[in-house]
Amino acid sequence: MAGAAEVLPELVGDRAALAKALAQRQPEVFRPVGRPTGLPTPGELDEALRGGLLRVPYVEMVRDGEVVPAAEFCTARVVAGRREDGFADAERIAALLADGATLLLPQLDQWHPAVRALATGIAVELGRRTEAFCFATGAGRRGLDVHRDDADVLVVQLAGEKEWIVHQAPVDGRWRPGPAPEPGAVALRSVLKAGEVLYVPRGAPHAATGSQGLSIHLSFTIREAGTGRMRGAIGQWLAAGDWPAGLPERPASEAELLAAAAELLRLGRARLDRLTPEELLRLARGPLPALAADGGAGVLGN
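In this report, we go over the structure that sits alongside the text. (Residues numbered from 1 in each chain as written. Predicted model: local features only at pLDDT ≥ 70, side-chain atom pairs only at ≥ 80, totals over all residues. Heavy atoms only, no water.)

### Some remarks on the packing of aromatic side chains
Right, on to step 1. Using the criterion set out here, one finds 0 aromatic pairs in the structure.
Right, on to step 2. When the ring centre of phenylalanine 87 is taken as origin, the NZ or CZ atom of arginine 77, which lies over that ring, is 4.5 Å away.
Right, on to step 3. Just above the ring of tryptophan 237 sits the side chain of arginine 271; from NZ or CZ to the centre is 4.1 Å. (Phe/Tyr/Trp six-rings, centres within 6.5 Å; stacked < 30°, edge-to-face > 60°. Lys NZ or Arg CZ within 6 Å of the ring centre and 35° of its normal.)

This is the structure:
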């Protein structure tokens, strides 16, 4: 598997162009030469659906903008004497796809080792948490209406073709993720073919419609820190600090309690003075995954 610094050049073909698009928050289509290592094939995904272990919430379906109840595409099994629901039923899924529904495989990075390695490489190179989602949509069908994602997205077309319409990203931070009934001006319209990659800026309203055959794409969602995560990171950073000993663990009187509170505030302010904006942003963007060492021992042995 490619190292962290090699993932994005292999994925988009032009690392500098991607950096410019990220900085300017403008959508762009990339056409790399060759297929990046680690991308799943439709056959591999089909095998996972038929393998018997994939279950909700790692498999979902959407129809006409609404989530399909799991009972319509899943089955129950008896495992070790217990009834367990939510296992993917490949035949039901195929029937729903043929009827116009969209298949979603959330968090592919959590169970597909090669996709996890790609997501980890992106996360390490950009310094931002990255997840992977897979979508399969029939021709002329749209899984989700025009919406905003709270992440930058790299869309990798795996099979078929899909038409994308991406609108201008918001000019400030006063927006919410979710449906975007008034998306604004169109910034990019393109039919993405197998092997091509689309960058969708964070918050840019967008929608995709299958245009030829069964369209399958993989979305790498690159998370960004918001004000809430930065507030949380401040609290975690303060709590994790090495606080000097000497204060009584259980102050007895009101005076001792107030004295302890005053001292903790003094120490906390002194610690905050050492926390830079750059370090706070780094903390809020994490935690990042570690690159797996090649040739590591298996859980059950080699």
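### What to know about the side chain of aspartate 152
Right, on to step 1. In this fold, aspartate 152 is placed in strand β9 (residues 151–167).
Right, on to step 2. Taking the relative accessible area as the measure of exposure, aspartate 152 reaches 6% and is therefore buried.
Right, on to step 3. Of note is the side chain of aspartate 152, whose polar atom sits 2.8 Å from the side chain of tyrosine 199.
Right, on to step 4. Contacts of aspartate 152, omitting those with residues within four sequence positions, involve Leu22, Arg128, Tyr199, Val200, Pro201, Arg202, Phe220, Thr221 and Ile222. (Helix = DSSP H or I, 4+ residues; strand = E, 2+ residues; numbered from the N terminus. Buried < 20%, exposed > 50% of the residue type's maximum accessible area, 1.4 Å probe, protein only. Polar contact = N/O pair within 3.5 Å; in protein donor to acceptor, adjacent residues only side chain to side chain. Contact = heavy atoms within 4.5 Å.)

### Description of unusual backbone geometry
Right, on to step 1. Here the residue pair valine 56 and proline 57 is connected by a cis peptide bond, since its omega of 10° sits within 30 degrees of zero.
Right, on to step 2. Looking at the element boundaries, proline 57 is found in the loop between α3 (42–50) and β2 (60–63).
Right, on to step 3. Each neighbour pair has its own omega, and for glycine 286 with proline 287 the value is -5°, a cis peptide bond.
Right, on to step 4. Turning to its location among the elements, proline 287 is positioned in the segment after α8 (277–285).
Right, on to step 5. A positive phi is found at aspartate 64, a non-glycine position, where the angle reads about 55°.
Right, on to step 6. With respect to the secondary-structure elements, aspartate 64 resides in the loop between β2 and β3 (66–67).
Right, on to step 7. Positioned with a positive phi, alanine 80 is a non-glycine residue whose angle comes to about 55°.
Right, on to step 8. Here alanine 80 shows up in the loop between β4 (74–79) and β5 (82–88).
Right, on to step 9. Relative accessible area serves as the criterion here: at 69%, alanine 80 is assigned to the exposed category.

### Side note on the side chain of arginine 271
Right, on to step 1. Checked against the element boundaries, arginine 271 lands in helix α7 (residues 254–274).
Right, on to step 2. Arginine 271 gets classed as buried once you look at its relative accessible area, which sits at 13%.
Right, on to step 3. A distance of 3.1 Å separates a polar atom in the side chain of arginine 271 from the backbone oxygen of tryptophan 237.
Right, on to step 4. Apart from the residues lying within four places of it in its own chain, the contact partners of arginine 271 are Trp237, Leu238, Gly241, Asp242 and Trp243.

### Describing the environment of alanine 194
Right, on to step 1. Relative to the helices and strands, alanine 194 resides in the loop between β11 (186–193) and β12 (197–200).
Right, on to step 2. With 23 residues separating them along the chain, alanine 194 and histidine 217 place their C-alpha atoms 8.5 Å apart.
Right, on to step 3. In contact with alanine 194, not counting residues within four places along its chain, are Gln157, Leu158, Ala159 and Gly160.

### What about the packing of helix α6 (residues 227–239) against α7?
Right, on to step 1. Close contact between α6 and α7 brings their axes to 11 Å; oriented N to C, the two are set at 115°. Note on packing geometry: the crossing formed by α6 with α7 is right-handed. Contact residues: Ile234, Trp237 and Leu238 in α6; Gly268, Arg271 and Leu272 in α7.
Right, on to step 2. When the residues that make up the contact of α6 with α7 are grouped by side-chain class, the tally is 4 nonpolar, 1 polar and 1 charged. (Axes fitted to C-alpha atoms, helices over the stretch in contact; angles between N-to-C directions. Left-handed = near helix turned anticlockwise from the far one by under 90°. Nonpolar A, V, L, I, M, F, W, Y, C, P; charged D, E, K, R; others polar.)

### Quick notes on the layout of surface pockets
Right, on to step 1. The computed volume of the largest pocket comes to approximately 470 Å³.
Right, on to step 2. Taken together, 24 residues form the lining of the largest pocket, with Phe135, Leu144, His147, Asp149 and His206 sitting closest to its centre.
Right, on to step 3. Elements supplying a minimum of two residues to the lining of the largest pocket: β6 (102–105), β7 (130–137), β9 and β13 (206–223).
Right, on to step 4. Residues that form the lining of the largest pocket fall into these classes: 11 nonpolar, 8 polar and 5 charged.
Right, on to step 5. Residue classes in the lining of the second largest pocket are distributed as 7 nonpolar, 3 polar and 8 charged. (1 Å grid on protein atoms, 1.4 Å probe; cavity = no way out; pocket = protein on both sides within 12 Å on 5 of 7 lines; lining within 4 Å. Points joined across faces, edges and corners; volume = space filled by probe spheres on them.)

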